[in-house]
Amino acid sequence: MSPLPPDRAAWTGFVLSASVLLLLSFVSPSECQTTSPPPPPVRCSSFKDCDSCVPHAKCLWCFTTNNCTDYPVTWWLPPASLCPLSQARWGVCWLNFEALIIALAVVVGTILISIVICCCCCCCCKSRQPGLDRDEERFARRREEIRQRAEERKVERQSRHDEIRRKYGLMGDSDHPYSKFENE
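None of these values were measured; they are calculated from a predicted model.

Digging into the pairing of strand S2 (residues 67–70)
A regular strand places its side chains on the two faces of the sheet in alternate fashion. Across four bridges, the pairing between strand S1 (residues 59–62) and S2 is antiparallel. Within S2, the residue paired with Trp 61 across the bridge is Cys 68. Taking the residues that link successive antiparallel strands as the turn, the S1-S2 hairpin has four residues, and the phi of Asn 66 there is positive, at about 50 degrees.

In structure tokens form, the structure reads like this:
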């Protein structure tokens, strides 16, 4: 008899066989063979037009000089000595660096402003009292005052009606309910 229940033993066998299969798939015969080195990267200066230059992330096209140069990775923006920003193209030919910088600044600014507004709204909501606010408290007091005045008027009306009943003898002894019929 196995120390594990039958369904658990089957599950353990399945996990063990799956892990062995996974381990064997990492070490395949094709990885043990030597492969030829990758071809050398194409130099940016070999591209002769903007459409063939800008798809490569490491290349920059300059319309002033009409040549493709290596993007200066040591700077965020290409220096003016290499190419003016209004004439530099990177990624796509129809968008210059000035427009790209302005568009990115607007997007980042919008995101930052929305984050600040969300944080301010969250802080204001948390600092607000969880109970009733001033308007709700004022309305609750006013409702209570109106209810008390209505109760007072009801008591006054009841007392006036009782006086009128006593005056005309309509209020009899309340000892038994048939006292009104005995006077007839």
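Once the structure has been displayed, the description carries forward.
Considering the sheet that holds strand S3 (residues 88–89)
Within the open sheet, the three strands sit side by side as S2-S1-S3. Their pairing is antiparallel. The sheet is open, and its two edges are formed by S2 and S3, each paired on a single side.

Quick notes on the nonpolar core
Counting nine residues, the largest nonpolar core consists of Cys 44, Phe 47, Cys 50, Cys 53, Val 54, Cys 59, Trp 61, Cys 68 and Cys 93. Filtering out sequence-adjacent residues up to four positions away, Trp 61 remains in contact with Phe 47, Lys 48, Asp 49, Cys 50, Cys 53, Val 54, Asn 66, Asn 67, Cys 68, Gln 87, Ala 88 and Arg 89. In terms of nonpolar packing, the next biggest core, distinct from the first, is built from six residues, Cys 62, Tyr 71, Ala 88 and Phe 97 among them.

Describing the packing of aromatic side chains
Considering all chains together, one arrives at three aromatic pairs under this definition. On the numbers, 5.8 Å between centres and 40 degrees between planes, the contact of Tyr 71 with Trp 90 is tilted. One end of the pair, Tyr 71, is in the loop between S2 and S3; the other, Trp 90, is in the loop between S3 and helix H4 (97–127), and 19 residues separate them in sequence. A residue is classified by how much of its surface remains accessible, and Tyr 71, at 16% relative accessible area, is buried. Accessibility expressed as a relative area gives 33% for Trp 90, which makes it partly exposed. Ring geometry for Tyr 71 versus Phe 97: centroids 6.2 Å apart, planes at 20 degrees, classification stacked. On the criterion of sequence distance, the pair formed by Tyr 71 in the loop between S2 and S3 and Phe 97 in helix H4 is long-range, its members being 26 residues apart. When sorted by exposure, Tyr 71 lands in the same class as Phe 97, which is buried. Through successive ring pairs, a cluster of aromatic residues spans Tyr 71, Trp 90 and Phe 97. Positioned above the aromatic ring of Phe 139 is the side chain of Arg 138, whose terminal nitrogen or guanidinium carbon lies 5.1 Å from the ring centre.

The rules behind these values
Along every chain, residues carry numbers that run from 1 in the direction the sequence is written. Only residues with pLDDT of at least 70 get local features here, since the model is predicted, and only at 80 or more are side-chain atom pairs given and counted; chain-wide, interface and lining totals rely on the full set of residues. Excluding hydrogens and water, the side-chain figures rest on all heavy atoms present in the structure. Criterion used throughout: strands pair if DSSP finds at least two bridges between them. Numbered from the N terminus, helices here are DSSP runs of H or I no shorter than four residues, and strands are runs of E no shorter than two. Only buried residues count toward a nonpolar core, which is a set of Ala, Val, Leu, Ile, Met, Phe, Trp, Tyr and Cys residues joined through side-chain atoms within 4.5 Å. Relative accessibility decides the category of a residue: with a 1.4 Å probe and only protein chains considered, values under 20% of the type maximum give buried, values over 50% give exposed, and everything between is partly exposed. Residues are treated as being in contact if the distance between any of their heavy atoms lies within 4.5 Å. What counts as a ring pair is set by centres within 6.5 Å for rings of Phe, Tyr and Trp (its six-membered ring), and what kind of pair is set by the plane angle: stacked under 30 degrees, edge-to-face over 60, tilted for all other angles. Any Lys NZ or Arg CZ found within 6 Å of a ring centre and within 35 degrees of that ring's normal is scored as a charge over the ring.

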